[in-house]
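Secondary and tertiary structure notes
Listed here are the chains, written in short residue letters.
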Amino acid sequence: MDEGEESSKMHGKGDLRSEAHLARHIRHGERLTRADHLWRSALLSGPAMLWTTLFLLVPLVAIGVISLLSKGIYGWFSPPFTLYSYLRFLGFGLLGFDLLYPMVIVRSIVLGAATTLLCVLAAFPLAFFISGLPSRRKHLALTLVVIPLWTNMMIRTYAWQILLGPQSGLSRLLVAAGLWPAGAGLYPSTMAVYVGMVCDFLPFLVLPLYASVEKLDWIQVEAARDLGADALQTFRHAILPQVVPGLAAGCLLVFIPASGQFVIPDLLGGGKTVMVGNLIQQQFLQSRDWPFGAAIAFVAMALSMAGIWVYARAAGARADQVIL
Amino acid sequence: MRRGWWHILATALYLFLYAPMVVVVVYSFNAAHDGFIWRGFSTAWYRTLFADPAVSLAVRNTVALAVLSTAVSTCLGTMLAVGLTRYWFPGKRLVAWLIYVPVVIPDIVMAVALFLFYSMVSRWLGLLRLGLGTMTIAHITFQIPFVTIVVRARLAGLDPALEEAAHDLGATPWQTFWRVTFPLALPGVLAGAMLAVTVSLDDFIISFFSAGAGNLTVPILIYSQVKRGVTPEINALSALIVAASIAGTIGVTCLQRARRAKDPEPQG
């Protein structure tokens, strides 16, 4: 449909539909033709789109293709095309069915889900606390949540090794109190992994949740209380529905990277647990089975994209609204 | 009473977030060699740190990488944000969706995708050998959407009447952009750049895969040291990074406050 024609027609009519076209055409006081829109888009959006296509979409398509090829000599890959890497990841390897690799997926999803849950539990009090502060202190309190992000994740994880190690005051205190087996530190352990994970991902949940809490309509909360709701009922029916957008965005921002995380489980869990992340890494750095590594990466990507898509559909939102 | 509990809980959570940073600073002054046990105050590790060529190389690389990639990604991301909010093209909605892919896919996926891409390009075309250049490219790629998200949110909140007024008063699109749109979008652009620096400094996995041999950055250096066993030198380095992050954040906050005092325009 040619927009130039549309615009000449709409001057005569002036119905609501033409109003919409007018709004699209006269952008910010300027009258723009379709061609104007196109070349300005090319100049402004073009460079970033080209960059992202070349350095992101092409590589992602490449791992899709490589995942269907066979393992080459010294890494690399070679024909023929095969689904072997995917079958192997699902447990159907050369030696018959084996749960080893499917368990890796399950473990990673559990790690992501548990981290998200713990972060949600911690983020609620923090978000409400910050939102209840006077506006000058609010800024400071939010900044304090962000500062740890500037210190690399590696440093924080390493610090937890010291804090939870067998020699640390905390470990000795718990052992002395009889709450922890003697001689063992709090690190390495599953608990240490979750401490490190929550510490690393909490800010990503607090920020979007806080944005929702700030917009909260307290009249609804008061109304619920006036109608005799107890604290739990008020939270469930008056607060929770209002903060769902921020909560869901935050959960997404935590769950996906947390499921792909492997450095923290590696450093705090004692390096015994295999996650999707280090399984992929192994294929490129040690096993040199690129198609297998590419297949796992492709599955991980497809799963996270599917998650976002389902979420976006459910929320009826665009991708950027999902993230902000 | 209830308020009191709220405060205690929030304080405990802040302590939890800051505990690792405090530990790193305290232990950087530990005289012990084996790291975990306190054996008295010493500044020896700071001296060995400054004398270590690997550390200075890593710091220089990290800073250069963050500055260069942020400069490029802020330009590209801002242009994209303006293009997407102002102008139409076929397939725009799809592009607006795809541009967020780097934000939502796991780091490791992007890391191996780029690693494979670089390997193929260098083998078949002889370009893009792993090094600081490929690391910069990788950082720019994952920074662009962060900048675009922030700038777009800012542009969406602007009053279109201001640009219309500029146009009605006879300004060219170029003049309108630089005298009206850009100054209004600037807080968003700066916030986007800040976010870009943050994700660049915080990244380990993607840098690790696109670095190649011998190209140290601070996170890579720390990872290799931590894997090998504790080096108190790393505490000193980490303490300096903590100090730099706090100083940086205070600096940015002061800048914002100064600008707000000068220009009392409501923030979006």
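Keep in mind it's a predicted model, so treat the numbers as computed, not measured.

Calculation criteria
- Residues numbered from 1 in each chain as written.
- Chains lettered and ligands numbered in written order.
- Predicted model: local features only at pLDDT ≥ 70, side-chain atom pairs only at ≥ 80, totals over all residues.
- Helix = DSSP H or I, 4+ residues; strand = E, 2+ residues; numbered from the N terminus.
- Buried ≥ 20, exposed ≤ 12 C-beta atoms within 10 Å, placed from the backbone.
- Contact = placed C-beta atoms within 7 Å.
- Nonpolar A, V, L, I, M, F, W, Y, C, P; charged D, E, K, R; others polar.
- Core = buried A, V, L, I, M, F, W, Y, C linked by C-beta atoms within 7 Å.
- Expected span 1.5 Å × (residues − 1).
- Bend = angle between axes of the 7 residues up to and from the residue.
- pLDDT = per-residue confidence, 0-100.
- Axes fitted to C-alpha atoms, helices over the stretch in contact; angles between N-to-C directions.
- Parallel < 35°, antiparallel > 145°, perpendicular 65-115°, else oblique.
- Left-handed = near helix turned anticlockwise from the far one by under 90°.

Let us now look at the overall build of chain A. Helix and strand content of chain A: 16 helices and six strands. By the burial criterion, 40% of the 324 residues in chain A qualify as buried. A separation of at least 24 residues holds for 63% of the contacts in chain A among residues at least 6 apart in sequence.

Turning next to the overall build of chain B. Helix and strand content of chain B: twelve helices and zero strands. Dimensions of chain B along its principal axes, counting C-alpha atoms only, are 75 × 65 × 35 Å. In chain B, which comprises 268 residues, the share counted as buried stands at 44%. Looking at chain B alone, contacts between residues at least 24 apart form 77% of all its contacts between residues at least 6 apart.

This part takes up the interface of chain A and chain B. Each partner contributes residues to the interface: chain A has 72 residues there, and chain B has 80 residues. Take the side of chain A that touches chain B: its biggest share by element is 13 residues, from helix 4 (residues 46-66) of chain A. When grouped by side-chain class, the residues that make up the side of chain A that touches chain B number 48 nonpolar, 17 polar and seven charged.

With that settled, consider the nonpolar core. Core analysis: the largest hydrophobic core is formed by 151 residues, its most contacted members being A:Ala123, A:Leu202, A:Val206, A:Ala297, B:Val112, B:Ala113 and B:Leu114. In terms of residue count, the dominant contributor to this core is helix 10 (residues 190-214) of chain A (15 residues). With residues near it in sequence (within four places) discarded, B:Ala113 still touches A:Pro59, A:Leu60, A:Ala62, A:Ile63 and A:Ala297.

In this section: helix 7 (residues 135-150) of chain A. All names here are of chain A. Over its 16 residues, helix 7 extends 24 Å from the first C-alpha to the last, a length consistent with the 22 Å expected when each residue adds 1.5 Å. Bending of helix 7 peaks at approximately 25° at the position of Leu144, with proline Pro148 no more than four residues after it. Within the sequence span of helix 7, burial applies to Val145, Pro148 and Leu149.

Let us now look at the confidence of the model for chain A. The predicted model of chain A has a mean per-residue pLDDT of 78, with 84% of residues at 70 or higher. When the criterion is pLDDT under 50, residues 1-19 of chain A qualifies, and its contacts beyond four places in sequence or with other chains add up to eleven contacts.

As a further point, take helix 10 of chain A. Residue and element names in this part refer to chain A. The terminal C-alpha atoms of helix 10 lie 35 Å apart, and with 25 residues this matches the ideal 36 Å at 1.5 Å per residue to within 8%. When the local axis directions of helix 10 are compared, the greatest deviation, roughly 40°, occurs at Phe201, which is followed within four positions by the proline Pro203. For helix 10, the tally of buried residues reaches 20 of 25 residues, placing the bulk of the element in the interior.

When two helices pack together, their arrangement is captured by the angle between the axes and the distance separating the axes. All names here are of chain B. Relative orientation of the contacting elements helix 3 (residues 53-86) and helix 9 (residues 173-202) amounts to 140°, with a least axis distance of 9 Å. Classified by the angle their axes make, helix 3 and helix 9 are oblique. As helix 3 packs across helix 9, the resulting crossing turns out to be right-handed. Contact residues: helix 3 offers Leu65, Ala66, Ser69, Thr70, Ser73, Thr74, Gly77 and Thr78, while helix 9 offers Val189, Gly192, Ala193, Ala196, Val197, Ser200 and Leu201. When the residues that make up the contact of helix 3 with helix 9 are grouped by side-chain class, the tally is seven nonpolar, eight polar and no charged.

So, on to the packing of helix 3 of chain B against helix 7 (residues 132-156) of chain B. All names here are of chain B. Here helix 3 crosses helix 7 at 40°, and the two axes come no closer than 6 Å. Viewed along their axes, helix 3 and helix 7 adopt a mutual orientation that is oblique. For helix 3 against helix 7, the interelement crossing comes out right-handed. Residue composition of the contact of helix 3 with helix 7, by class: 16 nonpolar, twelve polar and one charged.

Residues and elements named next belong to chain B. Relative to the assigned elements, Gly131 resides in the loop between helix 6 (107-124) and helix 7. Given 15 C-beta atoms within 10 Å, Gly131 falls into the partly exposed group. Placed 107 residues apart in sequence, Gly131 and Val24 show a C-alpha to C-alpha distance of 30 Å. Residues in contact with Gly131, not counting those within four places in the same chain, are Gly212 and Asn215.

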